[in-house]
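Given next are the chains, with one letter for each unit.
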Amino acid sequence: MHPYRTHSCGELRSGDVGTNVRVSGWVHRVRDHGGLLFIDLRDHYGLTQCVADPDSPAFKAVEDLRAEWVVRIDGEVRERSAETTNDRLPTGGVEVFIRDLEVLSKAQELPLPVFGEPDYPEETRLAYRFLDLRREGLHQRIVKRSQVIASLRQRMVGAGFTEFQTPILTASSPEGARDFLVPSRMHPGKFYALPQAPQQFKQLIMMAGFDRYFQIAPCFRDEDARADRSPGEFYQLDVEMSFVTQEDVFAAIEPVLRELFEEFAEGRRVSAEFPRIPYWRAMRLYGTDKPDLRNPIEMSDASHHFRGSGFKIFAGLLEKHASGREWTENAEVWAIPAKGGGSRAFCDRMNSWAQGEGQPGLGYIFFRDGEGAGPVAKNLGEKQTDQLRQELDLTDGDAVFFVAGIPKDFVEFSGRARDRIASDLELTQTDCFEFCWVVDFPMYEWKEDDKRIDFSHNPFSMPQGGLEALESKDPLDVLGYQYDIVCNGVELSSGAIRNHVPEIMLKAFEIAGYGADVVEKEFGGMLRALRFGAPPHGGIAPGLDRIVMLLAGTDNIREVTMFPMNQQAEDLLMGAPSEASPEQLKELHIRLSLPKTKAKPKSG
RNA sequence: GGGGGUGUAGCUCAGUUGGUUAGAGCGCUGGCCUGUCACGCCAGAGGCCGCGGGUUCGAGUCCCGUCACUCCCGCCA
């Protein structure tokens with residue numbers, strides 16, 4: 001007989017009644033009735049009730065068992081009576097009568113109970129992650145993550161993609177996130193960097209004549225964490241294809257993601273197709289470049305109703321800022337329709353919410369008794385108010401809110417107001433995944449802090465219109481072949497058709513303030529490759545952790561990560577980061593120069 | 001780097017206007033219990049009220065500082 005088990009803890013059924021079995025696992029729960037003892041034995045596969053009474057030779061030993069001890073149990077499978085069957089367990093029709101017991105490993109008193117998985121502080125959960133991972137919820141989410149990855153691999157291979165590994169020790173990249181650096185022992189004073197993404201490598205793979213590459217790629221960025229963003233490291237489904245247009249990338253990736261989500265949706269609806277929304281349209285309709293399409297509200301420009309109107313605040317704003325550049329200088333008034341929000345109580349609540357957000361307020365009209373009510377309506381006049389109502393397709397019981405000013409300044413707030421209104425009125429659908437492509441991102445943006453133009457997205461993207469656009473247009477008007485996938489308001493990935501023409505690349509960087517010498521130095525390998533026959537290519541990189549988060553229905557990335565670090569980028573279980581020994585530092589030719597203030601007395 | 005929240009038993013939390021010996025549930029330990037599956041009943045142990053300072057006759061409670069965790073901003077092409 002096998003030293004540990006003949007069956008797993010999730011396996012026994014009534015067909016096994018009468019057989020002698022051996023099971024091993026953790027003591028999930030003990031129920032001691034004095035003359036009768038129940039042990040719920042747990043392993044990765046499930047839970048089996050084991051029972052002992054004074055007739056059992058192991059009875060005394062069973063009485064000593066404690067939670068989370070690891071034991072081997074030998075015994076006979078017995079049918080449970082109708083009254084004692086547990087329908088909530090797959091193994092609930094049977095139990096194992098314990099004849100022999102071996103304690104394989106004892107456990108101290110638990111800092112974190114496994115049974116019942118009550119809420120526990122995250123610090124404790126991370127320090128005792130191995131216990132946390134035994135708990136059913138997290139255990140299942142990690143299994144789901146593995147299944148999602150397996151499914152993605154299978155779908156990508158099925159779609160003709162090939163998986164390649166790329167280096168972990170590579171060169172620092174001057175733009176983008178802060179790099180993690182790894183000192184070189186053989187080259188004193190020089191450092192490797194961990195890849196922020198395999199961006200340049202996947203392009204080089206295309207230039208090397210491969211096609212349709214993918215990788216479940218680890219990415220490293222030394223930036224601060226968020227609930228939906230791990231500190232340090234995360235994974236992407238990294239994808240690149242040759243001789244493709246933007247539409248080809250969409251056609252390859254959209255079915256993979258849709259079918260993946262359908263596979264794991266558990267009844268939740270998935271977008272039949274992903275609408276394409278140009279960046280500027282998304283900003284105007286939803287106030288964000290990652291719109292949550294479960295929210296049906298679409299905003300619109302209502303400036304024409306207020307220009308020269310009796311509502312002097314808005315009319316004055318519109319008149320004062322009218323002769324400059326659209327979006328960044330000219331004032332506009334945007335309308336946020338709120339179906340079912342037509343009560344003074346609701347409108348006032350939204351208004352005070354807006355004030356709590358640091359806004360002057362949120363203008364509104366609400367419709368009742370066939371007319372508009374509220375201070376805005378009063379000043380705007382009956383005729384204009386009714387025209388507005390008709391244009392927005394509103395009726396009694398509805399409301400409309402207004403944000404006014406310079407769009408670039410209020411757009412972010414308008415997006416939050418749209419979310420807030422929809423969630424308060426319960427207009428936002430649940431139990432579905434609403435995808436879209438956001439396309440036509442601008443190549444450049446104005447960095448107010450540095451007073452200069454910078455890449456707004458990916459510097460390796462192909463500008464729409466090519467070299468001619470870069471040379472003839474205002475850089476801020478140049479769009480890129482750059483796109484995002486957004487699901488339920490979460491940015492899942494961004495991608496682009498790449499710039500494979502060295503002249504266009506040099507020009508694109510020049511506009512962002514990088515001279516040819518800098519580009520040659522920092523991206524020499526890439527430029528060299530572009531000069532020896534580079535195919536037009538493009539790709540995308542969906543964030544794996546966020547995909548699993550969405551599918552698992554959690555809003556914290558640590559709930560779908562096996563061994564996450566805390567917000568301070570510390571691994572509380574393994575004790576990382578840790579100090580290096582003087583010998584290690586010497587080998588690396590590194591001398592520490594520590595900040596003075598940080599002598600930490602450990603308290604609290 | 002900045003802002004918000006939290007910090008009382010191992011855990012979740014209560015703790016009145018500043019006033020006696022800081023409580024409850026879960027967990028833990030011991031006892032009883034032969035059909036439970038959130039077993040039940042009885043008893044017990046367990047507290048630098050995050051830490052430091054201040055106000056006060058008196059501080060878990062008020063003030064200042066500090067530390068830790070967490071959420072957000074910056075940052076993350």
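Quick caveat, the model's predicted, so the values are computed rather than measured.

Undergrad: What's the story with helix H15 (residues 502-511) in this structure? I'm lost.
TA: With respect to burial, H15 is a largely interior element, seven of its ten residues being buried. Taken together, the buried positions of H15 are Pro502, Ile504, Met505, Leu506, Ala508, Phe509 and Ile511. Residues of H15 that are buried sit in contact with strand S20 (444-447), strand S21 (452-455), helix H14 (466-472), helix H16 (516-522) and helix H17 (524-530). Where H15 terminates, the next one or two residues include Gly513, which has phi positive at roughly 95°.

Undergrad: Explain the sheet that holds strand S1 (residues 20-32) to me, please; I cannot follow it from the model alone.
TA: Sheet strands pair via backbone hydrogen bonds, and the direction of the pair is either parallel or antiparallel. With respect to topology, five strands assemble into a closed barrel ordered S1-S2-S3-S5-S4, the strand pairing being mixed. The average angle at which neighbouring strand axes cross in this sheet is 55°, direction not considered. Of the pairings in the sheet, the one linking strand S2 (residues 37-43) to strand S3 (residues 46-52) comprises seven bridges and is antiparallel in character. Note that in S3 the partner of Arg42 across the bridge is Leu47.

Undergrad: Which parts of the structure should I look at to understand the pattern of salt bridges?
TA: Opposite charge on two side chains makes pairing possible when the charged atoms of those side chains draw close. Here the structure, examined in full by the defined rule, presents 46 salt bridges. In this structure, Arg141 and Glu559 form a salt bridge, with 2.6 Å as the shortest nitrogen-oxygen distance. Here Arg141 is found in helix H4 (residues 136-158), whereas its partner Glu559 is found in the loop between helix H18 (544-552) and helix H19 (582-587), with 418 residues between them in sequence. Arg141 gets classed as partly exposed once you look at its relative accessible area, which sits at 21%. On the basis of relative accessible area, Glu559 is assigned to the buried category, the value being 14%. When salt bridges that share partners are traced, they join Arg125, Arg129, Asp132, Arg135, Arg141 and Glu559 into one network.

Undergrad: When you look at the packing of H4 against helix H6 (residues 246-264) in this model, what are you seeing that I'm missing?
TA: Packed helices, taken two at a time, are described by their axes: the angle between them and the distance between them. At a minimum axis separation of 10 Å, H4 and H6 run at an interaxial angle of 145°. For the element pair H4 and H6, the recorded crossing hand is right-handed. Along the contact surface, H4 presents Lys144, Gln147, Val148, Ser151, Leu152, Arg155 and Met156, while H6 presents Ile253, Val256, Glu259, Leu260, Glu263 and Phe264. When the residues that make up the contact of H4 with H6 are grouped by side-chain class, the tally is seven nonpolar, two polar and four charged.

Definitions and limits used
- Residues numbered from 1 in each chain as written.
- Chains lettered and ligands numbered in written order.
- Predicted model: local features only at pLDDT ≥ 70, side-chain atom pairs only at ≥ 80, totals over all residues.
- Heavy atoms only, no water.
- Buried < 20%, exposed > 50% of the residue type's maximum accessible area, 1.4 Å probe, protein only.
- Helix = DSSP H or I, 4+ residues; strand = E, 2+ residues; numbered from the N terminus.
- Contact = heavy atoms within 4.5 Å.
- Pairing = 2+ DSSP bridges.
- Axes fitted to C-alpha atoms, helices over the stretch in contact; angles between N-to-C directions.
- Salt bridge = Lys/Arg side-chain N within 4 Å of Asp/Glu carboxyl O.
- Left-handed = near helix turned anticlockwise from the far one by under 90°.
- Nonpolar A, V, L, I, M, F, W, Y, C, P; charged D, E, K, R; others polar.

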